[in-house]
Amino acid sequence: MAPREIPAETLLARLPLFQALDKATLARLAAATTRHAFKRGDPVFRRGERLGGLYVIVYGQGAW
């Protein structure tokens, strides 16, 4: 069974980091998100790589 897709605004609103934001700000932030799907074992990013954003894992888990 495929994971259920959660709207970005709903997901962000549930995260403690973003709970204090008003609806308009959450909507702008959600509009700027990009979804990515990774296969088990695929790297999300590599050590030393310059990152330009924040990653939120919705389903699964990350490993070091």
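The notes below deal with the structure included here. (Residues numbered from 1 in each chain as written. Predicted model: local features only at pLDDT ≥ 70, side-chain atom pairs only at ≥ 80, totals over all residues. Heavy atoms only, no water.)

Here we come to the overall build of the chain. Assigned secondary structure in the chain consists of two helices and zero strands. Compactness check: the chain gives a C-alpha radius of gyration of 13 Å against a globular reference of 11 Å for 64 residues, more than 25% above the reference. In terms of principal-axis extent, the alpha carbons of the chain reach across some 35 × 35 × 20 Å. Burial status across the chain gives 11% buried among its 64 residues. Sequence separation of at least 24 residues holds for 41% of the intrachain contacts in the chain that already meet a minimum separation of 6. Accessible surface, the chain as shown: approximately 6,200 Å² in total, 55% of it carbon and sulfur. (Helix = DSSP H or I, 4+ residues; strand = E, 2+ residues; numbered from the N terminus. Rg over C-alpha atoms; globule rule 2.2 N^0.38 Å. Buried < 20%, exposed > 50% of the residue type's maximum accessible area, 1.4 Å probe, protein only. Contact = heavy atoms within 4.5 Å. Areas by Shrake-Rupley, 256 points an atom, 1.4 Å probe, with all protein chains shown as cover.)

What follows covers the nonpolar core. Counting residues in each nonpolar core, the largest one holds five residues, listed as Ala8, Leu12, Phe18, Leu26 and Ala30. Setting aside chain neighbours within four positions, we find Ala8 in contact with Ala30, Thr33 and Arg35. (Core = buried A, V, L, I, M, F, W, Y, C linked by side-chain atoms within 4.5 Å.)

So, on to the layout of surface pockets. Considered as a void within the structure, the largest pocket measures approximately 1,700 Å³ in volume. Taken together, 38 residues form the lining of the largest pocket, with Phe38, Val44, Tyr55, Val56 and Ile57 sitting closest to its centre. Of the residues forming the lining of the largest pocket, the biggest block, three residues, is contributed by helix H1 (residues 8-14). For the lining of the largest pocket, the per-class residue count stands at 21 nonpolar, nine polar and eight charged. (1 Å grid on protein atoms, 1.4 Å probe; cavity = no way out; pocket = protein on both sides within 12 Å on 5 of 7 lines; lining within 4 Å. Points joined across faces, edges and corners; volume = space filled by probe spheres on them. Nonpolar A, V, L, I, M, F, W, Y, C, P; charged D, E, K, R; others polar.)

Attention now moves to the pattern of salt bridges. Per the counting criterion, the structure on display carries one salt bridge. For Glu5, the salt bridge is made with Arg35, and the minimal N-O distance between the two is 3.6 Å. On the criterion of sequence distance, the pair formed by Glu5 in the segment before H1 and Arg35 in the segment after helix H2 (23-31) is long-range, its members being 30 residues apart. (Salt bridge = Lys/Arg side-chain N within 4 Å of Asp/Glu carboxyl O.)

The values reported here are purely geometric and, on their own, carry no functional implication.
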